[in-house]
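Architecture at a glance
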Amino acid sequence: MTKTISIDPITRLEGHGKIEIFLDDEGGVKDCFFQIPELRGFERFVVGRPIEELPRITTRICGVCPASHHMASAKAVDGCFGNEVAPVAHKLRDMYYHAHYIHSHIAHFYALAAPDFVCGPDADPATRNILGVVAKVGLEIGGSVIKARAMAQRIQQILGGRFTHLVWCLPGGVCKGLSKDELETIKPMVRELSGFADFSIKLFHDVVLANPAYVDIILNGPYTLDVHNMGLVDENNAPNFYHGQVRVVDFTGREICKYKPEDYAQYVAEHVEEWSYLKFPYLRKRGWKGFVEGLDSGIYCATPLARLNVADRMATPRAQEAFEEMFQTLGGKPCKALMANHWARLVEMLQNVEMLERYCADPEITSDKFRVVPKGITGEGVGIVEAMRGTLTHHYTCDKNGICKSANLIVGTTNNNAPIQMVTKKVAQALIKPGKEPTQGILNMVEMAFRCFDPCYSCATHSLPGQMPLDISIFDNDKLRWHFKR
Amino acid sequence: METPSQTRNIPIKTLLLGMGNPYLSDDAVGIRLVSDFSRRHGSIPNLDVLAECSIGGLNLLDLLENFERLIVVDSIKTQGGIPGNWYRFTAEDLRETMNLSNVHDANFATALELGRRMGMKIPAERETHIFAVEILENLVFSDRLTEDLEKAYAVYSEEIYRELCSLIGIRPL
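What counts and how
Residues numbered from 1 in each chain as written. Chains lettered and ligands numbered in written order. Predicted model: local features only at pLDDT ≥ 70, side-chain atom pairs only at ≥ 80, totals over all residues. Helix = DSSP H or I, 4+ residues; strand = E, 2+ residues; numbered from the N terminus. Contact = placed C-beta atoms within 7 Å. Buried ≥ 20, exposed ≤ 12 C-beta atoms within 10 Å, placed from the backbone. Pairing = 2+ DSSP bridges. pLDDT = per-residue confidence, 0-100. Arc of directions from axis to C-beta. Axes fitted to C-alpha atoms, helices over the stretch in contact; angles between N-to-C directions. Parallel < 35°, antiparallel > 145°, perpendicular 65-115°, else oblique. Left-handed = near helix turned anticlockwise from the far one by under 90°. Nonpolar A, V, L, I, M, F, W, Y, C, P; charged D, E, K, R; others polar.

Now for the overall build of chain B. Within chain B one finds four helices and five strands. Ordered by position from the N terminus, the helices and strands of chain B form the series β-α-β-α-β-β-α-β-α. Counted over contacts in chain B with a minimum sequence separation of 6, partners at least 24 positions apart contribute 78%.

So, about the overall build of chain A. Tallying secondary structure elements over chain A gives 16 helices and 16 strands in all. Counting over 486 residues, chain A shows a buried share of 54%. Across chain A, contacts joining residues at least 24 apart in sequence account for 70% of those joining residues at least 6 apart.

We now examine the pairing of strand β8 (residues 255-259) of chain A. The side chains of a regular strand alternate, first on one face of the sheet and then on the other. Residue and element names in this part refer to chain A. One ladder, built from four bridges, connects strand β7 (residues 245-249) with β8; its direction is antiparallel. Bridging across to β8, V246 finds its partner in Y259. Joining the antiparallel neighbours β7 and β8 is a turn of five residues, in which G253 adopts a positive phi near 100°.

Let us look at the confidence of the model for chain B. All names here are of chain B. On average, residues of chain B carry a pLDDT of 84, and 87% of them reach 70 or more. Overall, residues 1-6 carries pLDDT values under 50, and its contacts beyond four positions in sequence, including any with other chains, amount to six contacts. Interface confidence for the predicted complex, given as ipTM, is 0.72, next to a pTM of 0.84.

For the rest of this paragraph, the subject is helix α5 (residues 130-137) of chain A. Among the residues of α5(A), those classed as buried are A:I130, A:L131, A:V133 and A:V134. Relative to the axis of α5(A), the buried residues are bounded by an arc of 155° and lie together on one face. Where α5(A) is buried, its residues contact α4 (87-119) and α6 (139-160) of chain A together with α3 (108-117) of chain B. Looking one or two residues beyond α5(A), the residue adopting positive phi is A:G138, at roughly 110°.

All names here are of chain B. Contact geometry for helix α2 (residues 57-64) and α3: axes closest at 9 Å, N-to-C directions at 50°. Judged by the angle between their axes, α2 and α3 are oblique. The interaxial crossing formed by α2 with α3 has right-handed handedness. The segment α2 lies against α3, with G57, L58, L60, L61 and L64 engaging F108, A111, L114 and G115. A breakdown of the residues in the contact of α2 with α3 according to their chemical character gives seven nonpolar, two polar and no charged.

Let's shift gears to the environment of A:C404. Residues and elements named next belong to chain A. Structurally, the position occupied by C404 is in strand β14 (residues 404-410). Each C-alpha atom, one on C404 and one on C80, is 9.8 Å from the other, the two residues being 324 residues apart in sequence. Other than its neighbours up to four places away in sequence, C404 contacts V46, V47, G48, R49, I51, L54, Y396 and C398.

Turning our eyes to something else, we now look at the sheet that holds strand β1 (residues 14-19) of chain B. All names here are of chain B. The strand order across the open sheet formed by five strands is β2-β1-β3-β5-β4, and the pairing between neighbours is mixed. At either end of the open sheet lies a strand with only one pairing partner, and these are β2 (47-53) and β4 (86-90). Each strand of the sheet is rotated relative to its neighbour by a mean of 15°, with strand direction disregarded. The pairing of β4 with strand β5 (residues 128-134) spans five bridges and is classified as antiparallel. Bridge pairing in β5 links T90 to H129.

With that settled, consider the environment of A:H90. All names here are of chain A. With respect to the secondary-structure elements, H90 resides in helix α4. Along the sequence, H90 and Q153 sit 63 residues apart, while their C-alpha atoms lie 20 Å from each other. Setting aside anything within four residues of it in sequence, one finds H90 in contact with V85 and H243.

Have a look at this one:
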């Protein structure tokens with residue numbers, strides 16, 4: 001008789017998701033699926049709107065990474081207007097985005113990832129949360145986390161004029177520059193964040209790396225995949241979260257391709273499965289070969305670890321040191337141990353704070369030449385940034401009056417859809433044993449598989465005409481069938 | 001007659017939030033209610049209004065510091081609930097409304113508890129008031145309420161408005 005274990009709703013994941021694990025007659029894991037019942041439809045919703053409104057509308061896709069959508073959208077709109085952008089505007093946007101990264105990475109590490117390590121994977125679910133983390137590491141550290149997040153938030157507010165859901169970027173630049181007084185307000189906060197980034201790396205050493213059991217889970221656990229890596233890099237192949245070219249490197253370290261944002265459709269395609277609203281991107285030239293690992297597979301990850309795997313170096317010195325140490329500890333680069341994503345976030349955070357330091361010392365940053373008024377409409381633009389959760393692509397076309405004709409979004413989490421499916425199944429198969437009722441700890445360790453990706457399904461699901469159906473899953477002894485109905 | 005500019009100072013520093021997404025049908029009802037309140041009264045000393053708040057979890061905690069009272073207007077879906085019905089409760093008997101539940105970092109109750117443990121100056125549970133309007137639809141894109149909720153708007157918006165005035169300590173206009 002077939003038994004189904006459902007974990008619903010998934011905890012510590014943005015948007016509603018459901019894992020279903022299907023056991024065979026012997027009680028082993030036969031299959032494992034993610035079900036994403038949410039619907040988003042911004043690609044249809046924005047058609048017919050003035051194209052310059054899209055950076056303001058698309059921030060509403062998600063309350064977690066609205067700035068990522070704002071930036072990618074702004075860059076796509078820049079393209080529709082001929083791509084002439086004030087240089088200082090690029091700097092200001094990048095500066096803002098580093099603060100946004102810090103804000104997000106702190107939340108993920110301390111509120112989402114840390115409970116698994118600090119409290120332990122098999123801790124009582126009622127205490128396996130940020131309150132449990134604070135109880136273990138102390139109020140002082142908890143206070144530092146809150147303060148650091150607040151400072152990262154405040155920097156965003158000063159730069160962008162509001163703390164979330166920006167209305168800041170315009171075609172050709174931004175609507176507000178940075179005054180010298182505002183810069184002086186930001187500087188001490190950047191200094192504190194810089195110290196906090198160092199502290200977070202130290203905490204990872206003390207709590208995770210000092211525990212042999214956790215290191216064993218990272219290096220030898222089932223949380224690995226032989227799939228490729230994707231990330232945005234600068235001209236030196238260092239990670240760049242706001243600007244650059246997309247580089248894809250296979251899991252042996254060999255470059256597969258490197259492309260400009262406007263060429264994305266030549267390199268990436270999306271596979272559709274009837275049981276999910278969420279598409280499955282893959283490398284077009286490799287083709288869709290199913291949920292398979294290997295050098296011939298078209299499946300890739302776009303995560304913090306993937307970004308470091310595709311990079312030859314970091315863009316800043318302290319991040320470079322942390323980058324070298326991380327890969328040395330993990331046995332070399334690229335690294336396939338997905339749990340190392342939590343470490344990679346902290347390495348990225350070092351680059352974020354160092355870049356903020358650079359901008360604070362840049363005399364051009366307070367320039368009042370923060371916008372170039374576009375001279376014409378070219379009708380098409382592609383913007384790619386690295387959302388915290390993966391490479392984010394916005395592609396728009398518009399008519400000669402600037403009215404949106406089409407929009408295509410490949411959202412950060414969407415890139416990771418296939419790897420998430422695959423690693424969740426792999427972990428379930430490794431941990432759930434025939435004849436043994438899975439414990440809460442085991443089920444949490446299955447959830448830990450997707451938490452490596454920090455997935456955010458509220459914005460990853462895409463357009464379908466009509467209304468959101470309710471989800472129902474049906475299983476018979478030999479064949480799994482999925483039905484969606486209103 | 002009292003004009004908006006003559007509205008008297010309210011006794012404790014209060015934050016009024018309209019929660020929701022403006023493009024997800026009925027999810028925007030809290031935004032509309034708080035926007036209407038704000039339009040009706042204008043600026044009121046000691047009352048900060050954020051009519052359009054689409055964040056949750058720890059992000060929400062960042063907003064609350066240094067306020068003595070929090071008033072949230074949000075949407076809710078309950079079993080068998082009738083669209084347009086509304087509920088009022090405090091954080092002492094918190095129920096999860098649509099936008100106060102957050103699975104990405106921490107839900108509202110956890111965020112409040114964390115803030116208190118950290119010694120942040122945030123509103124006490126008894127001073128955290130939630131108004132939740134029963135809704136029908138929050139998964140379909142629209143910048144309008146569903147028909148039933150729109151039809152009932154005049155009634156429940158006025159009821160909530162008067163309740164808000166009473167809670168805040170100002171005279172209805």
